[in-house]
Amino acid sequence: VYMQGVRVVGYAAPSSGRSSVPLFLEEFEGGRPVAVEQWEGRHAVTLPAAELRRVYDRIRQELPPEHIVHELRELQEKLGTLLIAIVRDPDGLEVCLVSAQVFDAAARTADDFVGPDWGLRRELAA
């Protein structure tokens, strides 16, 4: 059956008026836990700065210390102050929490939103 055993999560700030981007999580019957190593990367979740601070404070207050991989930091960037923290979810996966105001703007300026040059890629791969 299509989409059986699938859970969908998403986030949108209540005041944003925007819909969330869904993340589909699928559990396989008889499957084994996913073993993700630190070198495989992290998901980044952007939150408004004030909300990021509230979420981080709640994690510090309610979860054991091993759920904080890197403390909340403020980095001065060209586009403003970037808040960033690395936390571990209940399954042990590391998640990067980052302030939306600066991160989203930086991501938009870093991409031209033009698709890949597939012809060039085929040529280089030959």
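What you see as residue numbers is a count from 1 along each chain, following the sequence as written. With pLDDT at 70 or above as the cut-off, local features in this predicted model cover only qualifying residues; side-chain atom pairs require 80 or more to be listed or tallied, and sums for whole chains, interfaces and linings still use all residues. Hydrogens and waters are ignored; side-chain quantities use all the structure's heavy atoms.

### Overview of the overall build of the protein chain
Piece 1. Helix and strand definitions here come from DSSP, where helices need a minimum of 4 consecutive H or I residues and strands a minimum of 2 consecutive E residues; each element is numbered from the N-terminal end. Secondary structure assignment for the protein chain yields three helices and six strands.
Piece 2. Listing each helix as α and each strand as β along the protein chain from the N terminus yields β-β-β-α-β-β-β-α-α.
Piece 3. Working definition: with a 1.4 Å probe on protein chains only, accessible area under 20% of the residue-type maximum means buried, over 50% means exposed, and in between means partly exposed. Within the span of the protein chain, comprising 126 residues, buried residues form 18% of the whole.
Piece 4. Every residue pair with non-hydrogen atoms within 4.5 Å of one another is taken to be in contact. A separation of at least 24 residues holds for 36% of the contacts in the protein chain among residues at least 6 apart in sequence.
Piece 5. Only carbon and sulfur atoms are counted for the fraction: they give 54% of the accessible area of the protein chain, which is about 10,300 Å². Method for areas: the Shrake-Rupley scheme with a 1.4 Å probe, in which residue coverage is limited to the protein chains shown.

### Details of the sheet that holds strand β5 (residues 80-88)
Piece 1. Strand pairing is assigned whenever DSSP identifies at least 2 bridges connecting the two strands. Here four strands make up an open sheet; going across it, the order is β3-β6-β5-β4 and the pairing mixed. Of all strands in the sheet, those with a lone pairing partner are β3 (43-47) and β4 (68-77), marking the two edges. The mean inter-strand angle of the sheet, taken between neighbouring strand axes irrespective of direction, is 20°.
Piece 2. Of the strand pairs in this sheet, β3 and strand β6 (residues 94-99) are connected by five bridges, and their pairing is parallel. Bridge pairing in β6 places L47 opposite S99.
Piece 3. Helix α1 (residues 49-62) contacts β3, β4, β5 and β6 of the sheet and is inclined by roughly 155° relative to β4.
Piece 4. To get an axis, a line is fitted to the C-alpha atoms, and for a helix only the part in contact is used. The angle between two axes follows their N-to-C directions and goes from 0 to 180 degrees. Packing of helix α2 (residues 100-110) onto the sheet brings it into contact with β3, β4, β5 and β6, and relative to β6 it is tilted by some 95°.

### Concerning helix α3 (residues 118-125)
Piece 1. Little of α3 sits inside the fold, with zero of its eight residues counted as buried.
Piece 2. Counted as a polar contact is a pair of N or O atoms within 3.5 Å, where, for protein atoms, one must be capable of donating a hydrogen and the other of accepting one, and residues adjacent in sequence contribute only when both atoms are in side chains. For α3, the capping residue at the N-terminal end is D117, with a side-chain oxygen 3.3 Å from the backbone nitrogen of G119.

### A short note on the side chain of E94
Piece 1. Take E94: it is sitting in strand β6.
Piece 2. Of the residues examined, E94 reaches a relative accessible area of 14% and is grouped as buried.
Piece 3. Within the structure, E94 has its side chain in polar contact with the side chain of R42 (distance 2.7 Å).
Piece 4. Of note is the side chain of E94, whose polar atom sits 3.2 Å from the side chain of R88.
Piece 5. Those residues within four positions of E94 in sequence are excluded, and the remaining contacts are Q38, R42, H43, V69, I86, V87 and R88.

### What about the nonpolar core?
Piece 1. Throughout, nonpolar core names a set of buried Ala, Val, Leu, Ile, Met, Phe, Trp, Tyr and Cys residues whose side chains join them through atoms within 4.5 Å. Listed in full, the 10 residues of the largest apolar core are L47, L52, Y56, I59, I68, L83, A85, V87, V95 and L97.
Piece 2. Secondary-structure elements contributing two or more residues to this core are α1, β5 and β6.
Piece 3. Within the second largest apolar cluster, five residues are counted, among which are I86, C96, V98 and V102.

### Thoughts on the confidence of the model for the protein chain
Piece 1. For the protein chain, per-residue confidence averages 84 on the pLDDT scale, and 85% of positions sit at 70 or higher.
Piece 2. The predictor reports its confidence for every residue as pLDDT, a score running from 0 up to 100. Strand β2 (residues 23-26) is the least confidently modelled element of the protein chain, averaging 71 in pLDDT, while β4 averages 96, the highest of any element.

### Side note on the pairing of β4
Piece 1. Pairing of β4 with β5, which is carried by seven bridges, proceeds in the antiparallel orientation. The residue of β5 that forms the bridge with Q76 is T81.
Piece 2. In textbook terms, the turn of a hairpin is the stretch between consecutive antiparallel strands, and for β4 and β5 this stretch comprises two residues.

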